[in-house]
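Structural overview for review
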Amino acid sequence: MEIPVYLFTGFLESGKTTFIQEALEGDDFNAGERTLLLLCEEGEEEYNKSRFFGVNVFIEMVDDEEDLTVQRLRELQMKHKVERVIIEYNGMWSLDTIYRNMPDEWVTYQEMFFADAATFLTYNQNMRQLVYDKLKSAEMVVFNRCERGFDKMEFHKIVRSINRKSQILYEYARDEVEMDDIQDPLPFDLNAPLIEIADNAYAEWYRDINEEQDKYDGKILTVKGRCALGGGLPEDKFVFGRHVMTCCVEDIQFAGLVCKWDGASTLEHGSWITVTARVKVEEDETYGEVGPVLYCSAVAPAEEADPEVAQF
C-alpha cells in the first residue's frame, strides 16, 4: 500500500509548526486519516491536538538524525497503522537522510520549504550548503513574516539559482499571501539563428536544456567546454561539458552532454574546445536515456573558459 508523505522543511522558527497545525485543523486536509506526525525538532510552538479536525493524528519525536532508519520508520508505521505521514524536518539535518531511509511504500506527495524572511538571508550567507539542501527539491517555498514593500528580488534569485521549478510565496499576514511573478530571462537569445552561450552562462544553460529539453530540439548553438573521451562511447561520440559548482567546492561535478562528431577520435581528452552543434532530443544508444544530443558541425580548440568552474 502506498503511503503519502508530506515533508515540511526549514530552520527553527520558520513557521512549519504553525502551518501544519492550521492544516490539521481543517477537514479538507484532515478528514480522519490515520496520520503519523513525525517531529524532528522542538521549537517554541507546540501542537494543540484538541484543535485538530481529525483525531487519528499520532505524534512521534525523533531526536537524532541517526535514528531516522528504515527500521525505526517502519516500526512507527506499523505501531499506528498509518495511512499517511507528515514530517516536520530538522533544518540542520541532510534531506538525503530521510529520503534514503524512507520505507519503500512511503511516497513523497509534497515537499515544502518555510523561511522567516527576516532571517533567511543570514542563513543563506552563513549556512549556504544547508539552504541549498532544503531548496533543491522543494515544490513550494514560503517566505513568511514579510514586510510590505520589501525587496523580493534577492530572495527570488537565491531560490531560482537552486530550483527553477518551485513555486514561491510571500506571506505578509495570515491569509495575506502574494505569489512570486518575477520573470527570469535567460542570459542568451533562445530565438537567435545561432544561440551563443557565454562562459558565465554555461551552468544556467546546462540546467535549462536538461529541464526543458524539448524547446532546444532543432536549435543551433555554440558553446565552450571540455571534451571527455572513452566510457564506452563509439568513435564518433564524446562527452562535452564543464565542471559546475552549485553550492560549494565540495559539490563540484562534471556536467556534460553527449556530442556526435565524425572527428571525435582526434580530440585530446580533457582539452578545451568550442562546439557549434544542432540539438536533437533522442534516446542515446550508449546510455539508453532520452535527452539532448549535440550534433556538431564544427569543433575548434579554445582557450580555458572564464570562469573555469561554472557557477549558478
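Residues numbered from 1 in each chain as written. Predicted model: local features only at pLDDT ≥ 70, side-chain atom pairs only at ≥ 80, totals over all residues. Heavy atoms only, no water.

What about the sheet that holds strand β2 (residues 35–39)?
Where we set the bar: A pair of strands is labelled paired if DSSP reports no fewer than 2 bridges between them. A run of H or I in DSSP becomes a helix once it reaches four residues, and a run of E becomes a strand once it reaches two; helices and strands are each numbered from the N terminus. Orientation is described by axes fitted as lines to C-alpha atoms, over the contacting stretch for helices, and by angles from 0 to 180 degrees between their N-to-C directions. Here, two residues are considered to be in contact whenever any of their heavy atoms come within 4.5 Å of each other.
The strand order β3-β2-β4-β1-β5-β6-β7-β8 describes an open sheet built from 8 strands, whose pairing is mixed. Only two strands of the sheet have a single partner each, and these edge strands are β3 (57–61) and β8 (176–179). Shown here is a sheet whose adjacent strand axes are inclined to one another by a mean of 20 degrees, direction ignored. Taken together, the 5 bridges between β2 and strand β4 (residues 84–88) define a ladder with parallel strand orientation. Each bridged residue has a counterpart across the sheet, and for L39 the counterpart in β4 is E88. The strands that helix α1 (residues 16–24) touches are β1 (3–10), β2, β3, β4 and β5 (106–116); relative to β4, the one it contacts most, it runs at about 155 degrees.

Some thoughts on α1
So the rule is basically this: Exposed residues in this analysis have more than 50% of their type's maximum accessible area, buried residues have under 20%, and partly exposed residues fall in between, with area computed by a 1.4 Å probe over protein chains only. By construction, the arc corresponds to the directions joining the helix axis to the C-beta atoms.
Inspection of α1 places K16, T17, I20, Q21, A23 and L24 among the buried residues, and these make up the whole buried set. Angularly, the buried residues of α1 cover 165 degrees about the axis, an arc narrow enough to put them on a single face. Those residues of α1 that are buried are in contact with β1, β2, β3, β4 and β5.

A word on the layout of surface pockets
To keep it simple, the criterion reads: For each structure, a 1 Å grid was placed over the protein atoms alone; sets of points admitting a 1.4 Å probe that cannot get out are labelled cavities, open sets with protein on both sides within 12 Å along at least five of seven lines are labelled pockets, and lining residues have an atom within 4 Å of a point. Grid points are joined across faces, edges and corners, and a volume is the space filled by probe spheres set on the points. Only Asp, Glu, Lys and Arg are considered charged, only Ala, Val, Leu, Ile, Met, Phe, Trp, Tyr, Cys and Pro nonpolar, and every remaining residue, Gly among them, polar.
By volume, the largest pocket is sized at about 430 Å³. Taken together, 18 residues line the largest pocket, and the ones lying closest to its centre are T18, F19, E22, E171 and R174. Secondary-structure elements contributing two or more residues to the lining of the largest pocket are α1, β5, β6 (140–144) and β7 (167–173). Residue composition of the lining of the largest pocket, by class: 10 nonpolar, 3 polar and 5 charged.

Here's the deal with the environment of E2
Structurally, E2 is set in the segment before β1. We classify E2 as partly exposed; its relative accessible area is 46%. Distance in space between the C-alpha atoms of E2 and E105 is 4.9 Å, their sequence separation being 103 residues. If we skip the residues at most four places from it in the chain, E2 touches E105, V107 and Y109.

Points about empty space enclosed by the protein
Applying the stated criterion to the full structure yields 1 cavity of 30 Å³ or more. By volume, the largest cavity amounts to about 50 Å³. Listed by contribution, the elements that provide at least two residues to the lining of the largest cavity are β5 and α4 (120–126). Taken together, the residues of the lining of the largest cavity break down into 6 nonpolar, 2 polar and 1 charged.

Looking at the pattern of salt bridges
Just so we agree on the cut-off: By definition here, a salt bridge exists when the distance from a side-chain nitrogen of Lys or Arg to a carboxyl oxygen of Asp or Glu is within 4 Å.
Enumeration according to the criterion identifies 20 salt bridges in this entry. When the shortest N-O distance is used, the salt bridge between K136 and D133 registers 3.3 Å. By relative accessible area, which is 7% here, D133 ends up buried. A network of salt bridges, in which partner residues are shared, links D96, D133, K134 and K136.

Quick word on the packing of aromatic side chains
Aromatic ring pairs: the centre-centre distance and the angle between the two ring planes describe each pair. Going by this rule: Side-chain rings of Phe, Tyr and Trp, where Trp is taken by its six-membered ring, are said to pair if the distance between their centres is within 6.5 Å; with planes under 30 degrees apart they count as stacked, over 60 as edge-to-face, and otherwise as tilted.
Tallied over the full model, the rule gives 19 aromatic pairs. Look at F8 and F114: their rings are 6.2 Å apart centre to centre, the planes differ by 40 degrees, and that puts the pair in the tilted class. Here F8, found in strand β1, pairs with F114, found in strand β5; they are 106 residues apart in sequence, far enough to count as distant. Residue F8 is classed as buried on the basis of its relative accessible area, which comes to 4%. What makes F114 buried here is its relative accessible area of 2%. Seen from their ring centres, F143 and Y170 are 5.9 Å apart, and the 15 degrees between their planes marks the pair as stacked. Remark: Y170 occurs in strand β7 and F143 occurs in strand β6; sequence separation between them is 27 residues. For F143, a relative accessible area of 0% puts it in the buried group.

Some points on the nonpolar core
As a reminder, the rule being used: Residues grouped as a nonpolar core are buried Ala, Val, Leu, Ile, Met, Phe, Trp, Tyr and Cys residues, joined through side-chain atoms within 4.5 Å.
Grouped together as the largest cluster of nonpolar side chains are 29 residues, with contacts concentrated most on F188, W205, V223, F238, F240, I273 and V275. Those elements that provide at least two residues to this core are α7 (202–211), β10 (220–228), β11 (237–245), β12 (253–260), β13 (272–283) and β14 (290–301). Once you skip the residues sitting within four places of it in the chain, I273 turns out to touch V223, K224, G225, C227, F238, F240, L267, V299, A300, P301 and A302.

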